[in-house]
Amino acid sequence: MRHLPLISGLLAITLSAAGGAASASPDSPGPCTAQLQRLGYSRVELEAVNDMTSIYEARRGRDEVKLMVKNGSCAVQQVWLDD
C-alpha cells in the first residue's frame, strides 16, 4: 500500500513520457493478451498504450492486478495489485 503513490507516479510518467499515450477502449484485447493468458493471467484487458509499454488489467488467482508490459516482446516489466 505504501508503494501505491510511487507506482502511480511511475505509471503516469511512463504513459506520458513518449507523448503518444493513448487509452484503450474498455474490455479490448491487446496484442499481448494471448501471451499473458499463457503465463496464467485471466480476464486480460488492455487499458493504456504508449510507444514502449502497455498497461493491462488481469486476474491472477483471486487477485486483480495491473501489468506493465513491453510492447513488441510482451515481456512483463512490472506487476502490482489493483486496489
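As the structure is a computational prediction, the values presented were derived from the model and not from experiment.

J.: I keep staring at the packing of aromatic side chains and nothing clicks. Help me out?
T.: Under the defined criterion, the tally for this structure stands at zero aromatic pairs. Just above the ring of Y41 sits the side chain of R60; from NZ or CZ to the centre is 4.8 Å.

J.: Help me understand the state of the cysteines in this model?
T.: Enumeration according to the criterion identifies one disulfide in this entry. Each disulfide pairs two cysteine sulfurs, and for C32 the partner residue is C74, the sulfurs being separated by 2.1 Å. Between C32 and C74, the disulfide has an S-S torsion of -80 degrees and is therefore left-handed. One end of the pair, C32, is in the loop between strand 1 (22-28) and helix 2 (33-38); the other, C74, is in the loop between strand 4 (63-70) and strand 5 (76-81), and 42 residues separate them in sequence. Of the two residues, C32 and C74, both sit in the buried class.

J.: For this particular structure, what's the right way to read the pattern of salt bridges?
T.: For side chains of opposite charge, pairing can occur when their charged atoms come near one another. Applying the stated criterion across every chain, the model contains three salt bridges. Linking K66 and E47 is a salt bridge whose minimum nitrogen-to-oxygen distance equals 2.4 Å. A residue pair is termed long-range when its members are at least 10 positions apart, and K66 in strand 4 and E47 in strand 2 (residues 42-49) qualify at 19 residues. K66 gets classed as buried once you look at its relative accessible area, which sits at 13%. Exposure remark for E47: the relative accessible area of 26% places this residue in the partly exposed category. Among the ionic pairs, E57 bridges to K66, the shortest N-O distance being 3.4 Å. E57 gets classed as buried once you look at its relative accessible area, which sits at 16%. Three or more residues joined by partner-sharing salt bridges are found here, namely E47, E57 and K66.

J.: Would you mind going over the confidence of the model for the chain with me for this structure?
T.: As a note on interpretation, predicted positions should not be read in detail where pLDDT is low. Taken over all residues, the pLDDT of the chain has a mean of 79, while the share at 70 or more is 66%. Within the chain, the element-level pLDDT minimum falls on helix 1 (residues 4-17), averaging 49, and the maximum on strand 4, averaging 97. Counting contacts from residues 13-21, a segment whose pLDDT is below 50, to residues more than four positions away or on other chains yields 13 contacts.

J.: I'm lost on the environment of C74 in this one. Help?
T.: The exposure class of C74 is buried, given its relative accessible area of 13%. Here the alpha-carbon distance between C74 and S54, two residues 20 residues apart in the chain, equals 9.0 Å. Sequence-distant contacts of C74, defined by excluding residues within four places in its chain, comprise P31, C32, Q35 and V69.

Definitions and cut-offs
Residues numbered from 1 in each chain as written. Predicted model: local features only at pLDDT ≥ 70, side-chain atom pairs only at ≥ 80, totals over all residues. Heavy atoms only, no water. Phe/Tyr/Trp six-rings, centres within 6.5 Å; stacked < 30°, edge-to-face > 60°. Lys NZ or Arg CZ within 6 Å of the ring centre and 35° of its normal. Disulfide = S-S within 2.5 Å. Helix = DSSP H or I, 4+ residues; strand = E, 2+ residues; numbered from the N terminus. Buried < 20%, exposed > 50% of the residue type's maximum accessible area, 1.4 Å probe, protein only. Salt bridge = Lys/Arg side-chain N within 4 Å of Asp/Glu carboxyl O. pLDDT = per-residue confidence, 0-100. Contact = heavy atoms within 4.5 Å.

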